[in-house]
Amino acid sequence: MTGAPDDCIIIGAGPAGLTAAIYLARFHLSIRIFDCGTSRASWIPTSHNHAGFPDGINGNELLERMREQAARYGAMREPKKVTDLSKDGEAFFVTCGNETFYAHTVLLATGVVNHRPKGIDDAVHQQALAAGLLRYCPICDGYEVTDKKVAVLGTGDHGTSEAQFLRGYTSDLALVSPHGDHDLDDTCSAKLDEAGIVRIAGPCGGFALEGKQLAFDTAEGRMAFDSVYPALGSTIRSELAQACGAKTTEEGCIKVGDHLETSVPGLFAAGDVVVGLDQISHAMGQAGVAATAIRNRLAEQRPLRR
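Owing to the predicted nature of the structure, the values given are computational and were not obtained by experimental measurement. (Residues numbered from 1 in each chain as written. Predicted model: local features only at pLDDT ≥ 70, side-chain atom pairs only at ≥ 80, totals over all residues. Heavy atoms only, no water.)

Engineer: Honestly, the packing of helix α5 (residues 156-166) against helix α6 (residues 186-195) in this entry has me stumped. Any pointers?
Structural biologist: Helix packing geometry: the angle between the two helix axes and the distance between the axes. For the pair α5 and α6, interaxial distance at closest approach is 10 Å and the crossing angle is 20°. Comparing the axis directions of α5 and α6 gives the class roughly parallel. The way α5 lies across α6 gives a crossing that is left-handed. Contact with α5, carried on its side by Gly-156, Asp-157, Thr-160, Ala-163 and Gln-164, involves Cys-188, Lys-191 and Leu-192 of α6 and no other residues of that element. Its residues assigned to classes, the contact of α5 with α6 shows three nonpolar, three polar and two charged. (Axes fitted to C-alpha atoms, helices over the stretch in contact; angles between N-to-C directions. Helix = DSSP H or I, 4+ residues; strand = E, 2+ residues; numbered from the N terminus. Parallel < 35°, antiparallel > 145°, perpendicular 65-115°, else oblique. Left-handed = near helix turned anticlockwise from the far one by under 90°. Contact = heavy atoms within 4.5 Å. Nonpolar A, V, L, I, M, F, W, Y, C, P; charged D, E, K, R; others polar.)

Engineer: I'm lost on the sheet that holds strand β12 (residues 213-218) in this one. Help?
Structural biologist: In a beta sheet, neighbouring strands are held together by backbone hydrogen bonds and run either parallel or antiparallel to one another. Read across the open sheet, the three strands follow the order β11-β12-β13; overall the sheet is antiparallel. Each having just a single partner strand, β11 (205-210) and β13 (221-225) make up the two edges of the open sheet. For this sheet, the mean angle separating the axes of adjacent strands, direction not counted, is 20°. Alignment of β12 against β13, held across five bridges, turns out to be antiparallel. Counterpart to Leu-214 in the pairing with β13 is Phe-225. (Pairing = 2+ DSSP bridges.)

Engineer: How should I be thinking about the pairing of strand β6 (residues 99-108) in this particular structure?
Structural biologist: When a strand is regular, its side chains alternate between the sheet's two faces. Taken together, the five bridges between strand β1 (residues 6-11) and β6 define a ladder with parallel strand orientation. Bridge pairing in β6 links Cys-8 to Thr-105. Sheet analysis places strand β5 (residues 91-96) next to β6, joined by five bridges and oriented antiparallel. Paired with Cys-96 across the bridge in β6 is Glu-99. Two elements, β6 and strand β16 (residues 267-269), share three bridges in a ladder whose sense is parallel. Along β16, the bridge assignment pairs Leu-107 with Phe-268.

Engineer: Sorry if this is basic, but what is going on with the sheet that holds strand β9 (residues 173-176) here?
Structural biologist: Pairing is parallel in the open sheet, where four strands are placed in the order β10-β9-β8-β14. Strands at the two margins of the open sheet, each flanked by one partner only, are β10 (198-200) and β14 (227-230). Each neighbouring strand pair of the sheet contributes to a mean axis angle of 25°, computed without reference to strand direction. Summarising the sheet, β9 and β10 pair through three bridges and their orientation is parallel. In the strand pairing of β10, Val-176 is matched with Ile-200.

This is the structure:
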């Protein structure tokens, strides 16, 4: 670890991290972006609700455009995984394996990871995603399954809620338990009955693309659907925030204030790792707020002048 500290280190290079990088680089600040290459946005075959792209845009293409835009202003993006984060005095120390970097501020844009259906191999998963047969965000792409045969893979409150949401797009809808009999209380059962949503017991397995559908085995036989939504929860990647002493919710989301600063002064967070709507547009908006707050915080410590 040598030289002057960076003004800000951004951990995560999805839509939130890259948006923040563009803002901070254009503020003429010294920044560094660490990218472990697992942004959930890369799973999106085509996003049709991102403003400005009426014909839709592929998630990887969107990320590449944002990377190019950040690089144009001098933002350094490094393909490294951060393994530890700590603060000593006013400095943050960011560890990547056997390397350590330090900065005046840090922005966490580490996101979340959706839980995949058990037993689906990588090749089938990728093919199903690319074909729109497997989807993870009904807010993003429920419109694309209008009047199609759809399964929600889940149970309990979460599965019921997702199935109810998708009922606004199609009546041909089933809630499929991933592991056996459904775990539904009377309230959930009543909601599903009222909406005409079929319940199918698991376990599920044998996932395969069959024609233009995704098929899998259930306790009631093999079934195929035009699209399948796993409602299996997610892992919130807030370990670094917790290691640095930042407060999180019971679920693990990072708690932030109005300007996206955590309970640790100088540590900010934006995107899906923060409590909020898991949408690209929301993550980008949070990143803009956080980046501006970082700039203003640094300006309080020293004049930012040309």
